[in-house]
Amino acid sequence: MLSKVAERLYWAARYLERVENTARLVGVYDKLLFDLPRDVNISWYSLVELNSATGPFEERYQVRSEHNVVKFMLADDTNPSSMLTALSMLRENIRTSRDVLPVESWEHINELYLYAQNNIRLGINRSQRHEFLDQIVCRCQMFFGMLSGTMSHDAPWQFVKLGRDLERADMTTRILDAGAAALQQANGDSSVNLRQVVWGNVLRSASAYMSYRRSVRLSVAGPDVAWYLLQDPNFPRSVAACLTQLKISAGKLPHSKALVDEVKEIDLERYQIETDADLGRDFRSYLNDLQIQICQLSNRIAQTWFPA
Amino acid sequence: MTMDWKAYDPNGYFDELIDAKGGVRPPARQLIQCLDSLPPEEIESRRQMAEATIQEMGVSFTVYTGEGTIDRAWPFDIIPRTISASQWRTTAAGLEQRLKALNLFINDLYHDQQILKDGIIPSEIILESKNFRPECVGISPPLNVWAHICGTDLVRDGDGEFYVLEDNLRVPSGVSYMLENRAITKRVLPELFEQDDILPVTDYCAQLFDMLKSLSPRDVRKPVIVVLTPGIFNSAYFEHTFLAQQMGVELVEGSDLVVDEKDCVYMRTISGLERVDVIYRRIDDLFLDPEVFEKDSVLGVPGLMRAWQKGKVALANAPGAGVADDKVVYAYVPEIIRYYLNEEPIIKNVETYLCDDPEQRAYVLENLDKLVVKPANESGGYGMLVGPHSTKKEQAQFAKLIQDNPRNYIAQPTLALSTAPTLVEQGRLEPRHLDLRPFILQGKETYVTTGGLTRVAMKKGSLVVNSSQGGGSKDTWIVASGEE
């Protein structure tokens, strides 16, 4: 398989996962709007901060309002990680990899692209945002399902999986970070109820609520949610599960030892979480470290299979 | 939509579907019956469906503009163009005959040049052609075939006969649109395929693959075949990916390939270098190899010509094949067929005046307002003068161009290009001019597509069908209904 094609598929999968998870990330805050008492203010701007995008945001906007943040996250072409930017990068990568993908891929991605383009106002305005985000998540999953169900599970597929799981691990840390940030901002009024609402919505945004209830068998509490999304071995969006998948996919490709060793070095138990107090600033800085380690994995992938 | 076909007026041109008395030609009968049974709003909704389908299928082509390149949706007319299967059989035989002769001709030019020695064609025409490549002299490509893939433009004149307008032997494009047009029509007018006996077009990619495979220099069961594209900004990029995908081969760019010191070609893969046997290249000769041609081309692969000359890799089409699609050489093709095959040409050429010949030049200069003047080596409809549609000023410009460089120009009478009913505003059907580009393959065997790509000049009265200049296209049906 051509290195260049492998690289494009890897990035296509990353962008696909990024589109889906950006919708999920905005969904965390969107869901909070329904559940929080009106006097609790949540800072939408945290979404910009936890995506490390404060620079581009400040260049474009003066007011850190809900409207501006959501527009920036979903629609802005000046934001290199906005949903629509990721979607057009995804489309470009699919367009240039059509020769190794199932015939339907290109058509499918065009439908997704046209839907997002034509309905982006629904995402920016509040009234139908929930439906719009749901549609995006659903269509991304359909696309991935189509690939999974029709693509030969040979080398190209392993690169799709590498991209998906790496991006997913990264985005799961950001969804957790969104919860931690919301609580930090709402400080002073972080009653038990508020915490439950926030962590419950973090789980829902990761489509993890039901499986959390069933496998953790405790009520929703920050430390357990954090453990679940970081370390649960079975939930497919937990960081641990993503890392396991990375090792499996890499193992099916040539020259993968260095990458597998690096994945093994990531220690998810390094930061101990016992109470809600452990989910503050230190937790957020731990998540940041994880993101850096994930980024190093991506560099290793590039060095191994896509040397310039 | 009940059309009054008596009122449909092709203005004296040969119409593909409707005869001069307003009657429906036999191959189009089922089609017209079906159209007549659909209410106008239904036709409009099918048209919109086709548009949406094209967007979703992402069928597009790239246009170069001052502000960069734009990806445009493929302009498509939903009303198919029909041809009877019996007429097509003769035409296909003519196309095969033509390509066989052209390949013998090219091979002769790069070896003994017997046809020049015998005085059939003046030597200077060939030796001065900018598509004659001295680098190819003495090379014998696999099967002695040079032009493996040919796109020949056919037009129907007022008499209803097909004529060859030009042969494209370098990197002809359009076959993917032929296949996509059929895919769209099947979705938009599915009922027609139940009633009518429309011959399928789908086997082209399998035929292309087998032909390419037959060129492999290594005798292995699964030679490695790739499609070489200049990249995403090329106007035919859509087609390059389409063909690679359909054949299940890698689509590569120059930077993915490397030639080693033993003149073998490899591609860069995730497990290292892998040997390549056959390259279907969609890059012009001059960009193939910076060691030999354009020194600063980044599209090609350094050393590719060496590898090809030594027979370590097959290139389709072979470098130098373009010498035979020079428009001056075109004028000699009937002679070429007689010379090599000892047969009469099955399909006629359009009458052609060579500006290099003083007598013919004089005629051309006197009749610029009636003739179509073409440069010998351009494609895509660029640099042409369509006499009847031109201004005095344009005619004067061309007179000067011709006098400065007569070898570079030919002229042909303005053809009465045939028409076919085409959907225009408010659901009306009006005649629009069209041509046809079938694709012919030659490897161990020869193959002709069932029909080809029909291109339509969407503007009323226009004769220019190129998609880069406002042309559209239609599905082309070879209809066997009602035959023995």
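Residues numbered from 1 in each chain as written. Chains lettered and ligands numbered in written order. Predicted model: local features only at pLDDT ≥ 70, side-chain atom pairs only at ≥ 80, totals over all residues. Heavy atoms only, no water.

1. Regarding unusual backbone geometry
Residues and elements named next belong to chain B.
Then, in step 1: With an omega of -10°, the peptide bond running from Ala 316 to Asn 317 counts as cis.
Then, in step 2: Residue position: Asn 317 is located in the loop between β12 (314–316) and α11 (327–331).
Then, in step 3: Located in the positive-phi region is Leu 143, a residue other than glycine, with phi close to 60°.
Then, in step 4: Mapped onto the elements, Leu 143 comes out in the loop between α5 (123–127) and β4 (149–156).
Then, in step 5: The class for Leu 143 is partly exposed, based on a relative accessible area of 40%.
Then, in step 6: Notably, Asn 342 is not glycine yet its phi reads approximately 60°, a positive angle.
Then, in step 7: Tracing the backbone shows Asn 342 in the loop between α12 (333–341) and β13 (348–349).
Then, in step 8: You can call Asn 342 exposed: its relative accessible area is 72%. (Helix = DSSP H or I, 4+ residues; strand = E, 2+ residues; numbered from the N terminus. Buried < 20%, exposed > 50% of the residue type's maximum accessible area, 1.4 Å probe, protein only.)

2. Remarks on the pattern of salt bridges
Then, in step 1: A full pass over the atoms with the stated rule returns 54 salt bridges over all chains.
Then, in step 2: Across the pair Glu 16 of chain B and Arg 81 of chain B runs a salt bridge whose closest N-O atoms are separated by 3.0 Å. Taken as a pair, Glu 16 of chain B in the segment before α1 (29–37) and Arg 81 of chain B in strand β3 (residues 76–84) lie far apart in primary sequence, 65 residues in all.
Then, in step 3: The class of Arg 81 of chain B is buried, set by a relative accessible area of 1%.
Then, in step 4: Of the charged contacts in the structure, one is a salt bridge between Glu 430 of chain B and Arg 428 of chain B, with a shortest N-O distance of 2.4 Å.
Then, in step 5: Overall, Arg 428 of chain B belongs to the partly exposed group, its relative accessible area being 37%.
Then, in step 6: A single network of salt bridges, built from pairs that share partners, joins Glu 17, Glu 20, Arg 24, Arg 168 and Arg 237 of chain A. (Salt bridge = Lys/Arg side-chain N within 4 Å of Asp/Glu carboxyl O.)

3. Considering the packing of helix α3 (residues 85–109) of chain B against α12 of chain B
Residues and elements named next belong to chain B.
Then, in step 1: With their axes 9 Å apart at the nearest point, α3 and α12 run at an angle of 80° to one another. In terms of orientation, α3 and α12 fall into the roughly perpendicular class. Contact residues: α3 offers Gln 97, Arg 98, Ala 101, Leu 102, Leu 104, Phe 105 and Asp 108, while α12 offers Val 333, Ile 336, Ile 337, Tyr 339, Tyr 340 and Leu 341.
Then, in step 2: Of the residues contributing to the contact of α3 with α12, the split by class is 10 nonpolar, 1 polar and 2 charged. (Axes fitted to C-alpha atoms, helices over the stretch in contact; angles between N-to-C directions. Parallel < 35°, antiparallel > 145°, perpendicular 65-115°, else oblique. Contact = heavy atoms within 4.5 Å. Nonpolar A, V, L, I, M, F, W, Y, C, P; charged D, E, K, R; others polar.)

4. Regarding the layout of surface pockets
Then, in step 1: Its boundaries defined by the atoms lining it, the second largest pocket holds a volume of some 420 Å³.
Then, in step 2: Listing elements by their share of the lining of the second largest pocket, those giving two or more residues are α6 (104–124) of chain A together with α6 (175–188) and α9 (237–247) of chain B.
Then, in step 3: Along the lines of polarity and charge, the residues of the lining of the second largest pocket split into 8 nonpolar, 3 polar and 7 charged. (1 Å grid on protein atoms, 1.4 Å probe; cavity = no way out; pocket = protein on both sides within 12 Å on 5 of 7 lines; lining within 4 Å. Points joined across faces, edges and corners; volume = space filled by probe spheres on them.)

5. A look at the sheet that holds strand β8 (residues 257–259) of chain B
Residue and element names in this part refer to chain B.
Then, in step 1: Strand order across the open sheet formed by 3 strands is β8-β9-β10, with antiparallel pairing between neighbours. Looking at strand neighbours, the two that pair on one side only are β8 and β10 (272–275), the edges of this open sheet. The sheet shows a mean angle of 40° between the axes of neighbouring strands, direction not considered.
Then, in step 2: Across 3 bridges, β8 lies against strand β9 (residues 265–269) in antiparallel orientation. Looking at the pairing, Leu 257 lines up with Met 267 of β9. (Pairing = 2+ DSSP bridges.)

6. Observations concerning empty space enclosed by the protein
Empty pockets left among the atoms are what a rolling probe the size of a water molecule brings to light.
Residue and element names in this part refer to chain A.
Then, in step 1: As enumerated under the stated definition, the model contains 3 cavities of 30 Å³ or more in all.
Then, in step 2: When its volume is computed, the largest cavity comes out at roughly 60 Å³.
Then, in step 3: Every residue lining the largest cavity is listed: Leu 9, Ala 12, Ala 13, Leu 16, Leu 90, Ile 94, Leu 101, Phe 143, Leu 147 and Val 160.
Then, in step 4: At the level of secondary structure, the elements contributing two or more residues to the lining of the largest cavity comprise α1 (3–35), α5 (83–95) and α7 (129–150).
Then, in step 5: At 4 residues, the largest contribution of residues to the lining of the largest cavity is made by α1.
Then, in step 6: For the lining of the largest cavity, the residue count by class is 10 nonpolar, no polar and no charged.

7. A few points about the domain arrangement of chain B
Residues and elements named next belong to chain B.
Then, in step 1: By the assigned domains, chain B splits into domain 1 (90–155 + 200–341) and domain 2 (351–413).
Then, in step 2: Using C-alpha coordinates to define each centre, domain 1 is positioned 30 Å away from domain 2.
Then, in step 3: Roughly 970 Å² is buried in total at the junction of domain 1 and domain 2, and carbon and sulfur atoms are behind 53% of that figure.
Then, in step 4: When the buried area of domain 1 at its contact with domain 2 is split by residue, Lys 130, Lys 327 and Val 328 rank highest and sum to 52% of it.
Then, in step 5: Counting across the interface, domain 1 meets domain 2 through 1 salt bridge.
Then, in step 6: In this structure, the salt-bridge partner of Asp 326 is Arg 407, at a minimum N-O distance of 2.8 Å.
Then, in step 7: For the interface between domain 1 and domain 2, the tally reads 3 residue pairs in polar contact (both at pLDDT 80 or more).
Then, in step 8: Grouping the amino acids of the side of domain 1 that touches domain 2 by side-chain chemistry returns 5 nonpolar, 2 polar and 5 charged. (Domains from an automatic or database assignment. Buried area = accessible area lost by both parts, 1.4 Å probe. Polar contact = N/O pair within 3.5 Å; in protein donor to acceptor, adjacent residues only side chain to side chain.)

8. Let's talk about a negative patch on the surface
Residue and element names in this part refer to chain B.
Then, in step 1: A grouping of Glu 124, Glu 128, Asp 356, Asp 357 and Glu 359 is seen on the molecular surface, where their side chains present a negatively charged patch.
Then, in step 2: Structurally, Asp 356 is set in the loop between β14 (353–354) and α13 (358–366).
Then, in step 3: A relative accessible area of 32% means that Asp 356 is categorised as partly exposed. (Patch = residues over 30% accessible without salt bridge, like charges linked within 9 Å, V, L, I, M, F, W, Y side chains within 5 Å. Areas by Shrake-Rupley, 256 points an atom, 1.4 Å probe, with all protein chains shown as cover. Lys, Arg positive; Asp, Glu negative; His and termini not counted. Charge placed at Lys NZ, Arg CZ, Asp CG, Glu CD.)

9. Points about the sheet that holds β14 of chain B
Residue and element names in this part refer to chain B.
Then, in step 1: Spatially, the 4 strands line up as an open sheet ordered β14-β17-β15-β16, and their pairing is antiparallel. Each edge of the sheet is formed by a strand with only one pairing partner; in this case those strands are β14 and β16 (385–386).
Then, in step 2: Where β14 and strand β17 (residues 409–413) come together, 2 bridges link them in antiparallel fashion. Directly across from Tyr 353, in β17, lies its bridge partner Ala 411.

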